[in-house]
Amino acid sequence: MSVQQILTARLNISSILSTTITAIVLTGCSSFSDSDYNMHTYRFHDSAKGFISLNDTRINGAIVDKGLFYPKSAFSFTYRYCAKNTQSAAADIEEFDLLAKRVCDANHGQLIHQQTGTWCVDDANTVQEYPLFYAKISRTELWADLCLDGPFVTLKVIENTEASRDQWFEAAQILGYQPYSSNRRLVVPDSTHGHLYDAPKEPVATEFWNEESEYIYTQIGAVVCLYNRPEDTNIGYTYRGTVHSVGNGMVKVAATTKLRGDIRTAPVLEEVEWHRLAYITAAANSWFVCG
């Protein structure tokens, strides 16, 4: 029996999705040597890319964030596209949802739901628990007027690509993973979420500095952005400008542009009328490099 036949039998994929998902899962074999550390067998990052490549609708999207600084540079991938219609978006979400479960199962892992979303882990709910990957897919009608027919679909993967075991464990926590402890509380999603929990917020840790924060803090004149959404509104705005001065962990920016939505996830850069120049001071880790 071939390796592919063994894998197909092992995953026991339904007849509807067997050809599609098996092909995607097979792209996930790790190319790392045993000297790096015992990585999981199938990478969901590769499987997600296979999911994207299956039809023109998904292919015609764009990478929102592939990371420029540690820890995102090694572990984070976010992609967006306009679905054909509401029904198509729902089918895509169901397919991606099932794919995440299949890949987790193939790695002998278990999906656990945290406030930041769903993680596939080894040895769930034990002191040996270890994160394998994070997966999320969601749709929003907010940008539907900018898509021809259907809603806006966003998928996100957080997964180790090249770091050591300890470095990945630390970075996963910065990106939202909560290690096992007696005080940890997992989320119990309702049945409408399927296998993945659609967390209300992306797993972004604002309390940590990383290479991007350090870069911004030392680069007077760098082009940076800040996203702000008041609690009483459905959409926020991105402010863009250049670093004017720094001190005590704060960065003062000479902002000249205000854009609708979070430019990291909005489908277009829609500038709104604003001041010619305004100074905004915020913590260094509130800003991100955008130019």
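Residues numbered from 1 in each chain as written. Predicted model: local features only at pLDDT ≥ 70, side-chain atom pairs only at ≥ 80, totals over all residues. Heavy atoms only, no water.

### Comments concerning the overall build of the protein chain
Scanning the protein chain from N- to C-terminus turns up eight helices and 12 strands. Of all intrachain contacts in the protein chain linking residues separated by at least 6 positions in sequence, the fraction that spans at least 24 positions is 62%. As displayed, the protein chain offers around 15,000 Å² of accessible surface, 48% of which is attributable to carbon and sulfur atoms. (Helix = DSSP H or I, 4+ residues; strand = E, 2+ residues; numbered from the N terminus. Contact = heavy atoms within 4.5 Å. Areas by Shrake-Rupley, 256 points an atom, 1.4 Å probe, with all protein chains shown as cover.)

### Description of the pairing of strand E3 (residues 110-114)
For E3, the tally of buried residues reaches four of five residues, placing the bulk of the element in the interior. Where E3 and strand E4 (residues 117-122) come together, five bridges link them in antiparallel fashion. Each residue of the ladder has a partner; that of His 113, found in E4, is Thr 118. In this structure, the hairpin formed by E3 and E4 is closed by a connection of two residues. (Buried < 20%, exposed > 50% of the residue type's maximum accessible area, 1.4 Å probe, protein only. Pairing = 2+ DSSP bridges.)

### Things to note about the state of the cysteines
Joining two cysteines, a disulfide is a covalent bond between their sulfur atoms. Scanning all chains against the criterion turns up three disulfides. The side chain of Cys 82 participates in a disulfide bridge whose partner is Cys 147; the two sulfur atoms lie 2.2 Å from each other. Where Cys 82 bonds to Cys 147 through sulfur, the torsion about that S-S bond is close to -65°, and the disulfide is left-handed. Of this pair, Cys 82 sits in strand E2 (residues 76-82) while Cys 147 sits in the loop between strand E5 (130-140) and strand E6 (152-159), and the two are 65 residues apart along the sequence. Given the relative accessible area of 29%, Cys 82 is considered partly exposed. Judged by relative accessible area, which is 5%, Cys 147 ranks as buried. Put simply, Cys 104 and Cys 120 are joined by a disulfide, and their sulfur atoms are 2.1 Å apart. One disulfide, between Cys 104 and Cys 120, carries an S-S torsion of 90° and so falls in the right-handed class. Pair noted here: Cys 104 is in helix H6 (residues 86-106) and Cys 120 is in strand E4, with a separation of 16 residues, a long-range link. Classification of Cys 104 as buried rests on a relative accessible area of 0%. (Disulfide = S-S within 2.5 Å.)

All we've got here are geometric facts, nothing functional implied.
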